[in-house]
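Spelled out, the chains give:
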Amino acid sequence: MNYLLTIYFGNSGKALFLGKTKIMSYYPLTSIPDYYSIDALLTEEHKLIRDSVRSWVESFVMPKIDEAAQNHTDIPGLMKELGNIGALGPYIPEEYGGPGLDQISYGLIMQELERGDSAVRSAASVQSSLVMFPIFEYGSEEQKRKYLPKLASGDIIGCFGLTEPNHGSDPSSMESKFTDQGDHYLLNGAKMWITNSPVADIAVVWAKGEDGKVRGMILERGMEGFTTPTTHNKWSLRASKTGELVFNNVKVPKENLLPNVEGLKGPLSCLNSARYGISWGVIGAAMDCYCTAVQYTKERKQFGKPIASFQLQQKKLAEFLTEITKAQLLCLQLGNLKNAHKASPAQISMAKRNNVKMAIDIARESRQMLGGMGIMGEFPMMRHAANLESVITYEGTHDIHLLITGMDITGINAFG
Ligand SMILES: Cc1cc2nc3c(=O)[nH]c(=O)nc-3n(C[C@H](O)[C@H](O)[C@H](O)COP(=O)(O)OP(=O)(O)OC[C@H]3O[C@@H](n4cnc5c(N)ncnc54)[C@H](O)[C@@H]3O)c2cc1C
């Protein structure tokens, strides 16, 4: 399989073998937990992909991530590198430039990327699930051939515009509108909180037509009246660029409309795919915090003993490992359901909600276990905890996912 070779060696010809790269984590990679022997349930291909991405994160992300986050800037060349390792659109078929992997491979890739940083996983999630997925599922053949291979290689960057200044949890009330002008559409409105908007070459934008139905369209940077102002001063996801999309009488060619979807089902199906990836991704952030806390508490001495010898510290570590293990099992079965096209949106909501809360709790608690050191950039907890404040909010907030589960149980919508 061609793209597996890409993962092992990289398009650039760089060797990404395990053991040949500089190990940057504070803990040995062999200590990353697999407490319930979940590896035994993975294929050899899954494990090779996971280990290759783990190794790439060690060599490319770990040495740069603290500086990027401290400086509120993204890692230079990140998207091309993500393309090289096959992390952009992992499940997009080879004929459109993707590696054609299964959903568990996609999940494992997201897990390893987020062990590095949620910003890195967000970049891959948005490009894969929110830009490539809708073009692949709902685009014309010409749109697929024009955009997907370049998105898969990281030669172009995409973003996804659903959220608006006045409408976040309730996208059905969106105000962005387009009118039919005969030979083109005229788009007006604004989107807010858009990951990668300031650096994106294209944007998949959701707006209402004159009939009030939501449609997706592909905008390209440079279209007249289309601007992408940067959002400054974030305390979270600082290694990721966030911004707005502003449409001021933008003339969108008719061939840029996604022809094969109508209504909120379009953007919501993209979110399902991205939320699935987040459920796996945050396990990586939790693993990074857990492994760091185990290592630190064994080394740090107070009252003449390693702090790992105190029951209170052991309780925390035991609970972290229990929660990580539960999250891994949830994701693995969700991945099986996804591979069989049987995962419901409500099942994905449950995993996203549970796993993000699990990860943010571990990040916050493990930060305390390092005392003053826990607030420093040399250790990852503060960065992960701050990142996860965005992750618990975007792609449906923690409470909105609870309401989705509640509606699935009762059949009653408690949203409005
Ligand atoms: C860093 C970052 C990156 C993002 N990237 C993207 C992106 O690439 N593309 C994109 O389209 N969007 C993106 N978002 C937007 C994100 O999806 C929204 O922030 C999220 O959906 C919440 O919307 P809101 O911020 O408007 O909050 P609101 O919808 O105003 O919610 C505020 C609070 O009210 C609660 N609430 C709302 N409705 C109810 C209800 N019915 N019952 C109970 N409580 C309720 C919410 O749970 C929340 O706690 C991003 C956000 C962030 C922070």
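Calculation criteria
Residues numbered from 1 in each chain as written. Predicted model: local features only at pLDDT ≥ 70, side-chain atom pairs only at ≥ 80, totals over all residues. Heavy atoms only, no water. Near = heavy atom within 4 Å. Polar contact = N/O pair within 3.5 Å; in protein donor to acceptor, adjacent residues only side chain to side chain. Areas by Shrake-Rupley, 256 points an atom, 1.4 Å probe, with all protein chains shown as cover. Helix = DSSP H or I, 4+ residues; strand = E, 2+ residues; numbered from the N terminus. Nonpolar A, V, L, I, M, F, W, Y, C, P; charged D, E, K, R; others polar. Domains from an automatic or database assignment. Contact = heavy atoms within 4.5 Å. Buried area = accessible area lost by both parts, 1.4 Å probe. Salt bridge = Lys/Arg side-chain N within 4 Å of Asp/Glu carboxyl O. Phe/Tyr/Trp six-rings, centres within 6.5 Å; stacked < 30°, edge-to-face > 60°. Buried < 20%, exposed > 50% of the residue type's maximum accessible area, 1.4 Å probe, protein only. Axes fitted to C-alpha atoms, helices over the stretch in contact; angles between N-to-C directions. Parallel < 35°, antiparallel > 145°, perpendicular 65-115°, else oblique. Left-handed = near helix turned anticlockwise from the far one by under 90°.

Peer 1: So what's going on with the site of the ligand? Which residues, and what values?
Peer 2: Around the ligand lies a shell of 18 residues, among which Thr163, Ser169, Trp193, Thr397 and Phe415 are the nearest. At 2.7 Å, a backbone N or O of Trp193 approaches a nitrogen atom of the ligand. Relative to its unbound accessible area of 970 Å², the ligand is 68% covered by the protein chains. Mapped onto the shell around the ligand, the elements with two or more residues apiece are β3 (184-195) and α11 (398-410). Here the residues of the shell around the ligand sort into nine nonpolar, seven polar and two charged. In this structure, the shell around the ligand is formed jointly by two domains, domain 2 (158-256) and domain 3 (265-410), each of which donates at least three residues.

Peer 1: Kindly report on the side chain of Ser129, identifying the contributing residues and their values.
Peer 2: Considering the arrangement of structural elements, one finds Ser129 in helix α5 (residues 118-138). Separated by 2.8 Å, the side chains of Ser129 and Ser273 make a polar contact. Apart from the residues lying within four places of it in its own chain, the contact partners of Ser129 are Tyr91, Tyr106, Pro134, Cys270, Ser273 and Ala274.

Peer 1: Talk me through the domain arrangement of the protein chain; I want residue IDs and the actual numbers.
Peer 2: Once the domains are mapped, the protein chain shows domain 1 (20-153), domain 2 (158-256) and domain 3 (265-410). A separation of 25 Å is found between the C-alpha centroids of domain 1 and domain 2. With 24 residues of domain 1 at the contact, the number on the domain 2 side is 21 residues. Considering only the side of domain 1, the residues that lose the most area to domain 2 are His72, Asp74 and Tyr147, jointly responsible for 32% of the buried surface there. Linking domain 1 with domain 2 are two salt bridges, by the criterion used here. A salt bridge links Asp74 to Lys241; the shortest N-O distance between them is 3.9 Å. The interface formed by domain 1 and domain 2 includes seven residue pairs in polar contact (both at pLDDT 80 or more). Secondary structure elements with two or more residues in the side of domain 1 that touches domain 2: α2 (44-70), α5 and α6 (141-153). It is α5 that provides the largest number of residues to the side of domain 1 that touches domain 2, a total of 10 residues. For the side of domain 1 that touches domain 2, a count of residues per class yields 13 nonpolar, eight polar and three charged.

Peer 1: Summarise the packing of aromatic side chains; cite the residues concerned and give the values.
Peer 2: Tallied over the entire structure, the rule returns 12 aromatic pairs. Look at Tyr96 and Phe136: their rings are 5.9 Å apart centre to centre, the planes differ by 65°, and that puts the pair in the edge-to-face class. With a gap of 40 residues between them, Tyr96 in the loop between α3 (78-84) and α4 (103-116) and Phe136 in helix α5 connect regions that are remote in the sequence. On the basis of relative accessible area, Tyr96 is assigned to the buried category, the value being 5%.

Peer 1: Explain the pattern of salt bridges residue by residue, including any values.
Peer 2: In total, this model carries 22 salt bridges according to the counting rule given. Measuring nitrogen to oxygen at the nearest pair gives 3.1 Å for the salt bridge that ties Glu220 to Lys146. Of the two residues, Glu220 sits in strand β5 (residues 214-220) while Lys146 sits in helix α6, which places them 74 residues apart along the sequence. Residue Glu220 is classed as partly exposed on the basis of its relative accessible area of 24%. A relative accessible area of 46% means that Lys146 is categorised as partly exposed. A salt bridge links Lys213 to Glu262; its shortest N-O distance comes to 3.7 Å. Of the two residues, Lys213 sits in the loop between β4 (202-208) and β5 while Glu262 sits in the loop between β7 (242-253) and α7 (265-299), which places them 49 residues apart along the sequence. Among the residues examined, Lys213 registers a relative accessible area of 39% and is labelled partly exposed. In this structure Glu262 comes out as partly exposed when scored by relative accessible area, which is 41%. Beyond isolated ion pairs, a larger network of salt bridges with shared partners links Arg54, Glu58, Glu112 and Arg115.

Peer 1: Give a description of the packing of helix α8 (residues 311-339) against helix α9 (residues 345-369) that names residues and reports values.
Peer 2: Running from amino to carboxyl end, α8 crosses α9 at an angle of 155°, the nearest separation of the two axes being 10 Å. Viewed along their axes, α8 and α9 adopt a mutual orientation that is roughly antiparallel. The crossing of α8 and α9 is left-handed. Every residue of α9 that contacts α8 at Gln313, Lys316, Leu317, Phe320, Glu323, Ile324, Ala327, Leu330, Cys331, Leu334, Leu337 and Lys338 is listed here: Gln347, Ile348, Ala351, Asn354, Asn355, Met358, Ile362, Glu365, Ser366 and Met369. Partitioned by chemical class, the residues of the contact of α8 with α9 number 13 nonpolar, five polar and four charged.

Peer 1: Before we move on, can you summarise the side chain of Arg115 with the specific residues and values?
Peer 2: Within the fold, Arg115 resides in helix α4. Classification of Arg115 as buried rests on a relative accessible area of 0%. Here the side chain of Arg115 touches Glu58 through a polar contact of 2.7 Å, side chain to side chain. Residues in contact with Arg115, not counting those within four places in the same chain, are Ser25, Tyr27, Leu29, Ile32, Arg54, Val57, Glu58, Met62, Gly284, Ala285, Asp288 and His384.

Peer 1: Can you lay out helix α10 (residues 381-391) for me, pointing to particular residues and giving the numbers?
Peer 2: Judged by how many residues are buried, α10 sits mostly within the fold: eight of 11 residues are covered. The inward-facing, buried residues of α10 abut α2, α4, α5, α7 and α9.

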